[in-house]
Amino acid sequence: MNQQAKTQDKSGSGVAAVERALSILAVFNEGDTGLTLHEISARTGLYKSTILRLMTSLERFGYVRRDQTGYFMIGPAPLRLAQIYQASFRIEDEVRPILRKLVLDSGETATFYVRDLDKRCALFREEPQRSVRAVVREGDRLPLEVGVAGRVLLAFSGEKGASYDAIRMAGVLAMPGERGLDQAGVAAPVFRAGHSLCGVLQLSGPLARFDEEIYSRCKVLILDAARRLSQAIGGLPSDS
């Protein structure tokens, strides 16, 4: 190892340092208004000295900030990136009206999910004016294997198995267990040009409200909405 490589290794440069820095950002959870150095160390397993060194760079670029009491908080930079991420899909103007109509017609929460590696990301979301509703925030990343949206994303990404074959055949999935036994959901795929998968539209809400009649109604609504959105972004011919 040459002297430059030794210097980089000692200073924490390279991929390892990037991964450590990202692991620090990843430990902030919803509801964390601020974390102490001890809490971040406990959650990441990193030495406090390492965290402080990385925090200097993260703070300089706006990814974290530190208040006068020593608590670390997420800075403004991730929000800017999230906005760029949303804008990169260039379909918000098409998605938002469809989500709002789904909410109006169903009284439930409507979300547009996209696949993000081994997760599903809630890219756009609209909620009804109800005291009890499914709570997910835009930008939340959730497991693919849990919930109807994740299963539909897997099915139309080519996942093998009889259950995924059935989803592809039906073109829609309705089931309880959306992020827990007390939630229910209905989801259908949205396609872009070339009939490639763009994302998934989902209606979700408390399981207690989803009887057979609601499931059936939501299936009709979500299939129609997915068809209209696919047409709007060039995924289906206008007469399909």
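Reference entry: report on the structure contained in this document.

About the criteria used
- Numbering of residues starts from 1 in every chain and runs along the sequence as written.
- Note on the predicted model: pLDDT of at least 70 is required for a residue's local features to be given, and 80 or more for side-chain atom pairs to be given and counted; whole-chain, interface and lining totals, by contrast, use all residues.
- By convention in this description, side-chain values take in all heavy atoms of the structure and omit both hydrogens and water.
- For the exposure calls, accessible area comes from a 1.4 Å probe over protein chains only, and a residue counts as buried if that area is under 20% of its type's maximum, exposed if over 50%, partly exposed in between.
- Helical segments are the DSSP runs of H or I of at least four residues, strand segments are the runs of E of at least two, and each set is numbered from the N terminus.
- Here the rule is simple: two strands pair whenever DSSP picks up at least two bridges between them.
- For helices, the axis comes from a line fit to the C-alpha atoms of the stretch in contact; other axes are also lines fit to C-alpha atoms, and the angle between any two N-to-C directions lies between 0 and 180 degrees.
- Oblique is the label for any angle not under 35 degrees, not over 145, and not in the 65 to 115 range, which are roughly parallel, roughly antiparallel and roughly perpendicular in turn.
- The contact rule is simple, with two residues in contact once any of their heavy atoms fall within 4.5 Å.
- Classification used: nonpolar for Ala, Val, Leu, Ile, Met, Phe, Trp, Tyr, Cys and Pro, charged for Asp, Glu, Lys and Arg, polar for all others including Gly.
- One speaks of a salt bridge when a side-chain nitrogen belonging to Lys or Arg is within 4 Å of a carboxyl oxygen belonging to Asp or Glu.
- Residues adjacent in sequence count toward polar contacts only when both atoms are side-chain atoms; beyond that, a polar contact is any pair of N or O atoms within 3.5 Å, and within protein one must be able to donate a hydrogen and the other to accept it.

**Regarding the pairing of strand β7 (residues 183-192)**
Then, in step 1: Counted residue by residue, β7 has nine buried out of 10 residues, so it is predominantly covered.
Then, in step 2: Bridging between strand β6 (residues 173-176) and β7 involves four bridges; their strand directions are antiparallel. Residue pairing across strands places Pro 176 opposite Ala 184, the latter belonging to β7.
Then, in step 3: Note: β7 against strand β8 (residues 196-206), 10 bridges, orientation antiparallel. In the sheet register, Arg 192 faces β8, and the bridge partner there is Ser 196.
Then, in step 4: The antiparallel hairpin formed by β7 and β8 contains three residues in its connecting segment, where Gly 194 sits at a positive phi of about 80 degrees.

**Section: the packing of helix α7 (residues 148-155) against helix α8 (residues 162-170)**
Then, in step 1: Two elements in contact, α7 and α8, have axes separated by 9 Å at closest approach and are oriented at 90 degrees. Between α7 and α8, the angle falls in the class roughly perpendicular. Counted together, Arg 151, Val 152, Leu 154 and Ala 155 of α7 and Tyr 164, Ile 167 and Arg 168 of α8 form the full contact between these two elements.
Then, in step 2: Per-class residue counts for the contact of α7 with α8 are five nonpolar, no polar and two charged.

**Quick look at the pattern of salt bridges**
Then, in step 1: If you walk through the whole model with that rule in mind, you get 12 salt bridges.
Then, in step 2: Across the salt bridge formed by Arg 96 and Glu 126, the nearest N and O atoms sit 3.3 Å from each other. In this pair, Arg 96 sits in helix α6 (residues 92-106) while Glu 126 sits in strand β4 (residues 119-126), placing the two residues 30 residues apart along the sequence. Each of the two residues, Arg 96 as well as Glu 126, counts as buried.
Then, in step 3: The partner of Arg 168 in a salt bridge is Asp 165, with the nearest N and O atoms 2.5 Å apart. Of this pair, Arg 168 and Asp 165 both sit in helix α8, separated by three residues, roughly a single helical turn.
Then, in step 4: Residue Asp 165 is classed as partly exposed on the basis of its relative accessible area of 43%.
Then, in step 5: Because the salt bridges share partners, they merge into one network encompassing Glu 92, Arg 96, Arg 100, Glu 126 and Glu 138.

**Points about the pairing of β8**
Then, in step 1: Buried residues dominate β8, accounting for 10 of its 11 residues.
Then, in step 2: With five bridges connecting them, strand β3 (residues 109-116) and β8 associate as antiparallel partners. Considered in β8, the bridge of Tyr 113 is made with Val 200.

**Remarks on the side chain of Ser 230**
Then, in step 1: Turning to its location among the elements, Ser 230 is positioned in helix α9 (residues 212-232).
Then, in step 2: For Ser 230, a relative accessible area of 1% translates into the label buried.
Then, in step 3: One polar contact links the side chain of Ser 230 to the main-chain amide nitrogen of Phe 191, over a distance of 2.9 Å.

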